[in-house]
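# Structure assessment
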Amino acid sequence: MPTREFAIRQAARRLPAAQIRSAATEAARRGRRQLALLVPLLAGVIVAYGYRRQLLGVDEPVRIAVAAILILLGWSVARNVGRLLQPWFDSRLEPGTAGMTGFFVQLVTLATAALVGLRLAGLDPGTLAAGAGFTAIVIGLATQQTFGNIFAGVVLVSARPFQVGERVRFAGFGMDIEGTVAGHGLLYVTLYDGDDPVLIPNNQVLAMSARPIREPDAVDMRARLPVSVDPRAVQRTVDDAVTVPTKGPPHVELEELDGSEVVVRVRATPRVPDDGGRLAHDVLQAVAGFG
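Below: a short report on this structure. (Residues numbered from 1 in each chain as written. Predicted model: local features only at pLDDT ≥ 70, side-chain atom pairs only at ≥ 80, totals over all residues. Heavy atoms only, no water.)

## A word on the sheet that holds strand β6 (residues 209-213)
Sheet architecture is open: five strands sit in the order β5-β4-β3-β2-β6, paired in antiparallel fashion. Edge strands, defined here as strands with exactly one partner in the open sheet, are β5 (196-201) and β6. Averaged over neighbouring strand pairs, the angle between their axes works out to 40° when direction is ignored. Here strand β2 (residues 167-172) runs beside strand β3 (residues 175-184); their pairing, made up of six bridges, is antiparallel. Looking at β3, one finds that Arg-167 is bridged to Thr-180. (Pairing = 2+ DSSP bridges. Helix = DSSP H or I, 4+ residues; strand = E, 2+ residues; numbered from the N terminus. Axes fitted to C-alpha atoms, helices over the stretch in contact; angles between N-to-C directions.)

Written as structure tokens, this is what we have:
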């Protein structure tokens with residue numbers, strides 16, 4: 001009897017929600033550990049600021065240094081607060097809404113930390129920029145990419161060309177990247193291609209073409225069967241065996257004749273992406289009976 005050979009291709013289009021939650025939970029653990037270190041460090045900076053004259057004997061340079069340190073620490077606090085709260089958002093909101101909410105929590109926390117740092121140091125942002133022009137220019141050039149990514153992130157979250165949990169293909173800058181969006185960050189959009197994370201800067205994502213892949217996976221199966229098998233019988237059996245709604249009827253075609261065997265190809269697309277596994281099972285069971 002000829003050897004039966006079956007090959008079913010069904011690439012995963014969407015990252016399972018459980019995997020997104022697992023990644024968010026692991027990030028929350030890291031965020032909790034880092035916050036445990038950052039909070040005492042923030043307290044230490046504030047205490048040192050209160051005793052600046054006794055410790056260093058100067059005032060204005062310490063104010064500027066404290067403002068810069070608090071803004072940098074506030075950046076880390078904002079990221080980790082977002083990580084810590086993301087699992088809570090994921091459990092109560094839709095993936096797209098949860099990702100958008102997490103981004104705005106980070107943004108608001110960062111803005112609050114920056115304003116508190118400047119006010120605590122007794123500095124007005126406008127006065128600082130006008131009175132220290134050279135410093136402002138240097139800082140502005142150094143942080144141009146950072147602020148560009150933040151503003152690009154705001155535009156992406158507001159326009160919502162894609163959502164967390166969707167499979168998206170990005171093209172541009174000589175790159176062609178496809179993955180499932182797992183989160184919007186202040187600087188990066190995080191994708192997962194299988195188990196591998198991919199980080200793309202927000203400003204590049206905004207400039208690239210983005211194509212959400214919302215079409216469910218098609219089951220594309222090649223079966224090597226005896227030459228005596230009638231493809232019309234295979235078509236009828238597959239039609240009867242498929243128990244999930246499909247986009248159009250399953251299609252069976254004779255692809256190749258190889259001596260005493262034929263290669264039959266079966267294609268079918270489920271209406272609901274989660275039915276892909278059941279559809280593949282139904283097709284396999286139907287064709288396996290012709291061996």
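There's more to say after this.
## Things to note about the pattern of salt bridges
Scanning the entire structure with this criterion turns up 10 salt bridges. Ionic pairing is found between Glu-253 and Arg-267, a salt bridge with its closest N-O pair at 3.4 Å. Of this pair, Glu-253 sits in strand β8 (residues 251-258) while Arg-267 sits in strand β9 (residues 261-268), and the two are 14 residues apart along the sequence. Judged by relative accessible area, which is 31%, Arg-267 ranks as partly exposed. A single network of salt bridges, built from pairs that share partners, joins Asp-220, Arg-222, Glu-253, Glu-255, Glu-256, Arg-265 and Arg-267. (Salt bridge = Lys/Arg side-chain N within 4 Å of Asp/Glu carboxyl O. Buried < 20%, exposed > 50% of the residue type's maximum accessible area, 1.4 Å probe, protein only.)

## Some words on helix α10 (residues 276-288)
The end-to-end C-alpha distance of α10 is 18 Å, a good match for the 18 Å that 13 residues give at a rise of 1.5 Å each. For α10, every residue scored as buried is listed here: Gly-276, Leu-279, Ala-280, Asp-282, Val-283, Ala-286 and Val-287. Mapping the buried residues of α10 onto a view down its axis gives an arc of 160°, with all of them on the same face. (Expected span 1.5 Å × (residues − 1). Arc of directions from axis to C-beta.)

## Description of the nonpolar core
Leu-225, Val-234, Val-238, Val-266 and Val-287 are the most contacted members of the largest nonpolar core, which totals 21 residues. When residues of this core are traced back to their parent elements, those giving at least two are β7 (219-226), α9 (231-241), β9 and α10. Of all the elements, α10 adds the most residues to this core, at five residues. Formed by 12 residues, the second largest nonpolar core is a distinct cluster that contains Val-164, Phe-170, Ile-177 and Val-181. (Core = buried A, V, L, I, M, F, W, Y, C linked by side-chain atoms within 4.5 Å.)

## Topic: the packing of aromatic side chains
For any pair of aromatic rings, geometry is given as the distance between the ring centres together with the angle between the planes. Scanning all chains against the criterion turns up two aromatic pairs. Judged by centre distance (5.4 Å) and plane angle (85°), the rings of Phe-162 and Phe-170 are edge-to-face. For the pair Phe-162 and Phe-170, one class covers both residues: buried. (Phe/Tyr/Trp six-rings, centres within 6.5 Å; stacked < 30°, edge-to-face > 60°.)

## Here's the deal with the pairing of β2
Hairpin connection of β2 to β3: two residues between the antiparallel strands, including Phe-173 at a positive phi of 55°. Of the strand pairs in this sheet, β2 and β6 are connected by five bridges, and their pairing is antiparallel. Note on β6: the bridge partner recorded for Val-168 is Pro-212.

## Observations concerning α9
The set of residues buried in α9 consists of Ala-233, Val-234 and Val-238. Projected onto a plane normal to the axis of α9, the buried residues spread over an arc of 130° and lie on a single side. Facing away from the buried side of α9 by over 90 degrees, the exposed positions are Arg-232, Arg-236 and Asp-240. On its buried face, α9 sits against β7, β8, β9 and α10. (Contact = heavy atoms within 4.5 Å.)

## Brief notes about the packing of α9 against α10
Close contact between α9 and α10 brings their axes to 9 Å; oriented N to C, the two are set at 140°. Between α9 and α10, the interaxial angle falls into the category oblique. When you trace α9 past α10, the crossing you get is right-handed. Taken together, the residues of α10 that come into contact with α9 (itself represented by Val-234, Thr-237, Val-238 and Ala-241) are Asp-282, Ala-286 and Val-287. For the contact of α9 with α10, a count of residues per class yields five nonpolar, one polar and one charged. (Parallel < 35°, antiparallel > 145°, perpendicular 65-115°, else oblique. Left-handed = near helix turned anticlockwise from the far one by under 90°. Nonpolar A, V, L, I, M, F, W, Y, C, P; charged D, E, K, R; others polar.)

## Concerning the environment of Glu-178
Residue placement: Glu-178 occurs in strand β3. With 34 residues separating them along the chain, Glu-178 and Pro-212 place their C-alpha atoms 9.4 Å apart. Separated by 2.5 Å, the side chains of Glu-178 and Arg-169 make a polar contact. (Polar contact = N/O pair within 3.5 Å; in protein donor to acceptor, adjacent residues only side chain to side chain.)

## What to know about the environment of Val-66
Within the secondary structure, Val-66 is located in helix α3 (residues 60-92). As a C-alpha pair, Val-66 and Ile-46 span 20 residues in sequence and 8.1 Å in three-dimensional space. Dropping the residues within four chain positions of it, Val-66 is found in contact with Val-45 and Tyr-49.

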